[in-house]
Amino acid sequence: MKDDPAHACTGFDIETIPDVDLGRRLYNLDGLPDEEVGEAHELSPAAGNRLGILPLHQHRVVAISVVWRHRDGLKVLSLGIRTVLNGTWWRIFRCH
C-alpha cells in the first residue's frame, strides 16, 4: 500500500503582491513609498471589483510553494523569488 500511486498527492501555491512599479507607471505615483502605491493600486478601477483584487498580470510572484506526499513521506518546499529568478529552482524539483 505504501507504494500505491493512488496515495501520491501534490499541491502548489503561488504568493503574489501588487506590482508597485506598474502601479507607479499607470497612475503617475512617482515619489510615493511602496506601501502607499500598493494601496492606491488595489483601490484603482483596474482592480475591477470591490474586493481590491488586481488582475493577475498586475501582480509579482514572491514565492512558489509545493507540498507532496509520496512513498517516502511528506515534503514541503517554498521558493522565494530570488531562487526562481536566478534559475536554480528547477534543480530542486529534478527527479533523482
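In case you missed it, the structure is sitting above this.
Each chain carries its own residue numbering, running from 1 in the written order of its sequence. In view of the model being predicted, local features appear only for residues whose pLDDT reaches at least 70, and side-chain atom pairs are presented and counted only at 80 or more, with totals across whole chains, interfaces and linings using the full set of residues. Each side-chain value is worked out from all heavy atoms of the structure, with water and hydrogens disregarded.

Take the packing of helix H1 (residues 20–27) against helix H2 (residues 34–43) next. Lines fitted to C-alpha atoms define the axes here, with helix axes fitted over just the stretch in contact, and angles between the N-to-C directions of these axes take values from 0 to 180 degrees. Under the DSSP-based scheme used, a helix requires at least four consecutive residues in state H or I and a strand at least two consecutive residues in state E, with every element numbered from the N terminus. Packing of H1 against H2 leaves a shortest axis separation of 9 Å and a crossing angle of 65°. Between H1 and H2, the crossing angle belongs to the class labelled roughly perpendicular. Here H1 runs over H2; the crossing is left-handed. Residue-level inspection shows Val20, Leu22, Gly23, Arg24, Leu26 and Tyr27 of H1 in contact with H2, the latter providing Asp34, Val37, Gly38 and His41. Each residue is assigned to one of three groups, with Ala, Val, Leu, Ile, Met, Phe, Trp, Tyr, Cys and Pro labelled nonpolar, Asp, Glu, Lys and Arg labelled charged, and all others, Gly among them, labelled polar. Along the lines of polarity and charge, the residues of the contact of H1 with H2 split into 5 nonpolar, 3 polar and 2 charged. Orientation labels follow simple angle bins: below 35 degrees gives roughly parallel, above 145 gives roughly antiparallel, 65 to 115 gives roughly perpendicular, and whatever is left gives oblique. Crossing handedness is read from the near helix: turned anticlockwise from the far helix by less than a right angle, it gives a left-handed crossing, and turned clockwise, a right-handed one. Here a residue-residue contact requires only that any non-hydrogen atoms of the pair lie within 4.5 Å.

Below, the discussion takes up H1. Since the α-helix advances by 3.6 residues per turn, residues separated by three or four positions end up pointing in the same direction. Listed in full, the buried residues belonging to H1 are Val20, Leu22, Gly23 and Arg24. In this structure, the buried side of H1 is in contact with strand S1 (9–18) and H2. Capping the start of H1 is the job of one residue whose side-chain oxygen sits 3.2 Å from the backbone nitrogen of aspartate 21: aspartate 19. Using a 1.4 Å probe on the protein chains alone, a residue whose accessible area is under 20% of its type maximum counts as buried, one over 50% counts as exposed, and one in between counts as partly exposed. Polar contacts, as used here, are pairs of N or O atoms within 3.5 Å; protein pairs need one atom able to donate a hydrogen and one able to accept it. Residues neighboring in sequence count only if both atoms are side-chain atoms.

Turning our attention to the sheet that holds strand S2 (residues 59–70). Strand order in the open sheet formed by 3 strands is S1-S2-S3, with antiparallel pairing between adjacent strands. Because the sheet does not close on itself, it has two edges, and the strands there are S1 and strand S3 (73–80). Across the sheet, the mean angle from the axis of one strand to that of its neighbour is 15°, orientation sign disregarded. We call two strands paired when DSSP finds no fewer than two bridges between them. Where S1 meets S2, 10 bridges bridge the pair, whose relative direction is antiparallel. Counted as the bridge partner of aspartate 13 is serine 65 from S2.

Our focus in this paragraph is the pairing of S3. The pairing of S2 with S3 spans 8 bridges and is antiparallel. The residue of S3 that forms the bridge with tryptophan 68 is lysine 75. The turn linking S2 back onto S3 is made up of 2 residues.

This part takes up the side chain of aspartate 19. Position of aspartate 19 among the secondary structure elements: in the loop between S1 and H1. Engagement of the side chain of aspartate 19 in a polar contact is seen with the backbone nitrogen of aspartate 21, the distance being 3.2 Å. Here the side chain of aspartate 19 touches arginine 60 through a polar contact of 3.1 Å, side chain to side chain. Setting aside chain neighbours within four positions, we find aspartate 19 in contact with His41, Gln58, His59 and Arg60.

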